[in-house]
Number of protein chains: 2
Amino acid sequence: MGNQKLYKGSLQTIILKLLETNDKMYGYEITQKVKELTKGELKITEGALYPALHKLEADGLLDVEIAKVGNRLRKYYKLTESGSKETANKLEEMQEFLKTMQHLVNPKLSLE
Amino acid sequence: MGNQKLYKGSLQTIILKLLETNDKMYGYEITQKVKELTKGELKITEGALYPALHKLEADGLLDVEIAKVGNRLRKYYKLTESGSKETANKLEEMQEFLKTMQHLVNPKLSLE
DNA sequence: GTTTTATACATAAGAAAATTATGTATATAT
DNA sequence: ATATATACATAATTTTCTTATGTATAAAAC
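Computed from a prediction, not measured in an experiment: that's the story for all the values here.

Calculation rules
- Residues numbered from 1 in each chain as written.
- Chains lettered and ligands numbered in written order.
- Predicted model: local features only at pLDDT ≥ 70, side-chain atom pairs only at ≥ 80, totals over all residues.
- Heavy atoms only, no water.
- Near = heavy atom within 4 Å.
- Polar contact = N/O pair within 3.5 Å; in protein donor to acceptor, adjacent residues only side chain to side chain.
- Helix = DSSP H or I, 4+ residues; strand = E, 2+ residues; numbered from the N terminus.
- Nonpolar A, V, L, I, M, F, W, Y, C, P; charged D, E, K, R; others polar.
- Patch = residues over 30% accessible without salt bridge, like charges linked within 9 Å, V, L, I, M, F, W, Y side chains within 5 Å.
- Areas by Shrake-Rupley, 256 points an atom, 1.4 Å probe, with all protein chains shown as cover.
- Salt bridge = Lys/Arg side-chain N within 4 Å of Asp/Glu carboxyl O.
- Pairing = 2+ DSSP bridges.

Some words on the protein's contact with DNA strand C
Around DNA strand C, the structure places 23 residues, and the nearest of them are R72 of chain A together with K5, Y26, Y28 and K75 of chain B. Atoms of DNA strand C within 4 Å of the protein: sugar and phosphate make up 71%, bases the balance. For DNA strand C, a phosphate oxygen lies 3.5 Å from a polar atom in the backbone of L11 of chain A. Contacts to DNA strand C include Y26 of chain B, whose side-chain N or O atom sits 2.6 Å from a phosphate oxygen. For the surface near DNA strand C, the element with the highest residue contribution is helix α3 (residues 46–58) of chain B, accounting for five residues. Each residue belonging to the surface near DNA strand C can be placed in one class, and the counts come to seven nonpolar, nine polar and seven charged.

Topic: a nonpolar patch on the surface
A cluster of nonpolar side chains, namely V64, I66 and L73 of chain B, defines an oily patch on the protein surface of about 290 Å² accessible area. Tracing the backbone through its elements, the reader meets I66 of chain B in strand β2 (residues 62–69).

Here's the deal with the pairing of strand β3 (residues 72–79) of chain A
Along a regular strand, successive side chains alternate from one face of the sheet to the other. All names here are of chain A. Summarising the sheet, strand β1 (residues 24–26) and β3 pair through three bridges and their orientation is antiparallel. Paired with M25 across the two strands is Y77, which belongs to β3. Note that strand β2 (residues 62–69) and β3 share eight bridges and pair antiparallel. Considered in β3, the bridge of L62 is made with L79. Where β2 folds back on β3, the antiparallel hairpin that results is connected by two residues, among which G70 adopts a positive phi of roughly 65°.

Read these as spatial facts, not as claims about activity.
As structure tokens, then:
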């Protein structure tokens, strides 16, 4: 977990991917899901998450819907049509990146 | 190549890995080697590279040796002992990161 | 022969994306 | 009663990069 800085630049892609899989999610839910999926290796901080969600919304990639649960509010985000397309792009870029990086740091394991 | 920002945070690791493999290299050579290894996908800019090399040197991970080739100077960098250890650490962190990220963006392809 | 491209270093200004710190408020568990 | 969890948010700062600029030599192209 000393490798947090490697995740820099990948937050948007992670959020978009989660929303592609889970249809709609709220911020806190995203932090918990990421912690669960990565077995605690990646902890998304609120200072990173909320500004990122706001930006994705401002860019038209996400729609937001406010819900009240008990006495607390939740903001559910979901992909717009444009967001779905951008998700596909970003996932492709991510795959390319992972392949390239794997090849750079461990040429033996990337046979192609 | 619209995914340059994904590489943020990985420059040090890339440099160290190259020096582990190639024993000693100079800055310009590193930029060319990376371009070659990634088939042009990653282009390390001088504005990123030189400060990074200086930092690694200041941190005691690299030793530098100045060579004169014709009328031009080259600064050859190589790993110190401490640099070799740190390289191993960073490569391990990178593998962990790549595995986690693969699992996040494509659960189907990361079967473990 | 002169202009462009390549080689080789470097730094400064600015932008992007995070961390860290702080704030508000409700709900649950100890 | 107090601590932890849920749920949002923003501001200050830091890290890491891009872009722009600078110096200088060598080779290739025209």
